[in-house]
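# Fold and geometry: a report
Given next are the chains, with one letter for each unit.
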Protein chains: 2
Amino acid sequence: MELSRREIALLRSLSTRTGRKKSGCCRCEGIRAVRELFANYPERVCFIAIREDLGIVPDYPEELQRIVPVKLFSELSDTVSSQGIIAAACIPDNASGKIIGDFVVALDQLGDPGNFGTIARSLRAAGQKELWYTKGSIDPWGDKAIRSGMGVQFGLNMRRFDSLEQLTSSGTSLGIKNVFIADPHHGENCFNCPDLFDHSIIVIGGEPNGVMGWCPDARKVIIPMPGRYESINAAQAATVLIFESVRRKMI
Amino acid sequence: MELSRREIALLRSLSTRTGRKKSGCCRCEGIRAVRELFANYPERVCFIAIREDLGIVPDYPEELQRIVPVKLFSELSDTVSSQGIIAAACIPDNASGKIIGDFVVALDQLGDPGNFGTIARSLRAAGQKELWYTKGSIDPWGDKAIRSGMGVQFGLNMRRFDSLEQLTSSGTSLGIKNVFIADPHHGENCFNCPDLFDHSIIVIGGEPNGVMGWCPDARKVIIPMPGRYESINAAQAATVLIFESVRRKMI
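Residues numbered from 1 in each chain as written. Chains lettered and ligands numbered in written order. Predicted model: local features only at pLDDT ≥ 70, side-chain atom pairs only at ≥ 80, totals over all residues. Heavy atoms only, no water.

A few words on the packing of aromatic side chains. All names here are of chain A. Here the structure, examined in full by the defined rule, presents eight aromatic pairs over all chains. When the centroid spacing of 5.2 Å and the interplanar angle of 55 degrees are considered together, the rings of W141 and F154 count as tilted. In this pair, W141 is assigned in the loop between β6 (130-134) and α6 (143-148) and F154 in the loop between α6 and β7 (157-161), connecting sequence segments 13 residues apart. Between the NZ or CZ atom of R51 and the centre of the ring of F73, over which it lies, the distance is 5.9 Å. (Phe/Tyr/Trp six-rings, centres within 6.5 Å; stacked < 30°, edge-to-face > 60°. Helix = DSSP H or I, 4+ residues; strand = E, 2+ residues; numbered from the N terminus. Lys NZ or Arg CZ within 6 Å of the ring centre and 35° of its normal.)

This next bit is on the environment of A106(B). Residue and element names in this part refer to chain B. Relative to the assigned elements, A106 resides in strand β5 (residues 103-108). The class for A106 is buried, based on a relative accessible area of 0%. When sequence neighbours within four positions are dropped, the list of residues in contact with A106 reads W132, L167, I201, I202, V203 and I204. (Buried < 20%, exposed > 50% of the residue type's maximum accessible area, 1.4 Å probe, protein only. Contact = heavy atoms within 4.5 Å.)

Now for the packing of helix α5 (residues 113-125) of chain B against helix α8 (residues 234-250) of chain B. Residue and element names in this part refer to chain B. As a packed pair, α5 and α8 sit with axes 9 Å apart at the nearest point and diverge in direction by 10 degrees. In terms of their interaxial angle, α5 and α8 are classed as roughly parallel. Side by side, α5 and α8 meet where N115, T118, I119, S122, L123 and A125 of the first sit next to A234, A235, A238, T239, I242 and F243 of the second. For the contact of α5 with α8, the residue count by class is eight nonpolar, four polar and no charged. (Axes fitted to C-alpha atoms, helices over the stretch in contact; angles between N-to-C directions. Parallel < 35°, antiparallel > 145°, perpendicular 65-115°, else oblique. Nonpolar A, V, L, I, M, F, W, Y, C, P; charged D, E, K, R; others polar.)

Moving on, we get to unusual backbone geometry. Residues and elements named next belong to chain B. Phi is positive for M150, which is not a glycine, with a value near 50 degrees. With respect to the helices and strands, the residue M150 is situated in the loop between α6 (143-148) and β7 (157-161). Owing to a relative accessible area of 22%, M150 belongs among the partly exposed residues under this scheme. In the Ramachandran plot, H199 falls in the positive-phi region, its phi being about 50 degrees despite a non-glycine side chain.

For the pair chain B and chain A, the superposition axis carries a translation of 0.0 Å, the fit reaches an RMSD of 0.0 Å, and the rotation angle comes to 180 degrees. Here the symmetry operator amounts to a two-fold rotation axis. For chain B, the residue whose C-alpha comes nearest the rotation axis is V240(B), separated from it by 2.8 Å. Most of the interface of chain B is mirrored in chain A, where 100% of its interface residues again form contacts. (Least-squares fit on C-alpha atoms with pLDDT ≥ 70 in both.)

Glancing now at the pattern of salt bridges. Per the counting criterion, the structure on display carries 36 salt bridges over all chains. For the salt bridge of E7(A) with R66(A), the shortest nitrogen-to-oxygen distance reads 3.1 Å. One end of the pair, E7(A), is in helix α1 (residues 5-13); the other, R66(A), is in strand β3 (residues 65-68), with 59 residues separating them in the sequence. On the basis of relative accessible area, R66(A) is assigned to the buried category, the value being 6%. Across the salt bridge formed by R160(B) and D162(B), the nearest N and O atoms sit 3.2 Å from each other. With relative accessibility at 45%, the residue D162(B) sits in the partly exposed group. Overlapping salt bridges bring together R12(A), K71(A) and E75(A) as one network. (Salt bridge = Lys/Arg side-chain N within 4 Å of Asp/Glu carboxyl O.)

Once that is clear, we can look at the sheet that holds strand β3 (residues 65-68) of chain B. Residue and element names in this part refer to chain B. If you trace the four strands from one edge of the open sheet to the other, you get β1-β4-β2-β3, paired in mixed fashion. With one partner strand each, in any of the chains shown, β1 (25-29) and β3 form the two edges of the open sheet. On average, adjacent strands in this sheet sit at an angle of 20 degrees to one another, irrespective of strand direction. When β1 meets strand β4 (residues 85-90), the two strands line up antiparallel, connected through five bridges. Bridge assignment links E29 to a residue of β4, and that residue is I86. Most of the contacts of helix α1 (residues 5-13) go to strand β2 (residues 45-51), to which it runs at about 90 degrees, and overall it touches β1, β2, β3 and β4. The strands that helix α3 (residues 31-40) touches are β1, β2 and β4; relative to β4, the one it contacts most, it runs at about 30 degrees. (Pairing = 2+ DSSP bridges.)

Note on sheets: strands pair through backbone hydrogen bonds, and any given pair is parallel or antiparallel. All names here are of chain B. Across the sheet, which stays open at both edges, the seven strands sit in the order β7-β6-β5-β10-β8-β11-β9 with parallel pairing between neighbours. In this open sheet, the two strands that pair with only one neighbour each are β7 and β9 (188-189). Where α8 meets the sheet, it contacts β5, β8 (178-182) and β10 (200-205), and its direction lies at approximately 160 degrees from that of β10.

Okay, structure coming up:
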């Protein structure tokens, strides 16, 4: 099947936040990202645009596939060297419902899509599910975020809140016992803190300001740095903390 | 003082590998990178170009500073929004000499400057010194690598080798006891492996191929991933391993 005019218009509109808001859908480009999407939310896939030269792809139902001429595809693609596959999908809504896994990672006004993608992938690799974020963070359903996260957001429970205060109070009502803020200067040692992953929210701030939201009851947690040089970024800090949870499960 | 014609030509030439090779110098752009350079190798700084509107900077000796008109500076700068400071410096030569610290991180054909910078900053934050790399890796003294590493390479012992075989045999002759290769599929659990940081080289491969070099005697080490999804990249893997060394020192 070919792309209809409406589908072309939809794909184009999904590159903007306004377009995504209007339709409740997002674009998901790349082999790995589409695979992750389809594995987690097959029912949410509207259609999959496939570049003509690739032909029908065996991984997906034929009725979802739209063969797109090379020229039109490159106009629709967000990347310079495209892998030839873009899906349109309804954005999953995980805003409420039980917390799955041991802890929540919360991003407070994290603006960088590269950092966002790294954190999402670390969390997914660690087998955790809950990635929450506040207003002012990058939109996880934008093209860049989906690319940098390689679509792992489709396997996570992404929840958006207007403020950190709202985020933590939502957490508390869902059974969260501790809120930790990753701090570069002081706090409890992350390698010694016994309840760091016990029904906790771990808040990671954007750079260069760190956590900006109001969160008076939170405990601070620090990653010790013997090099006395605060050079690691939000994504590195989050990766260290997330894999500390893996380590504790392994021993 | 103003930039001489020779100094302008030198700065321009240092954006290419050929230019760096010819003069043995590199460019170091940005406030933090120049600070790191000057703190570690003051004697290696040839001069510091400072954009006119900033005036003389109190952090550095006046005789090193060259005031550069805004227009010329933006021509010389490698970045879109420059911080107004670029140093020219002789590239440190750490190719031989004792190994400092507990272990070596070795990059095998790591081509991505972002990953390189992340790994260098993790290592620096962990208080380690030795970052080795093989031919085929990004040049750590190029503009992008210095920017992504925020100049931390000036605080590390960077050693280049033609092959992984040469790298490991050099290590052995300097007292290295173990060579580990970070592997995404199998190996000893990094959180349980007792001698992971005991006079070791930990080899991190570039993506997507992983470690390519010849290294038959190496042990493999794996970061456990309960999420059963190999989505973390070389820089994330290196960060997890490097901070596991910090954790062991802290407990």
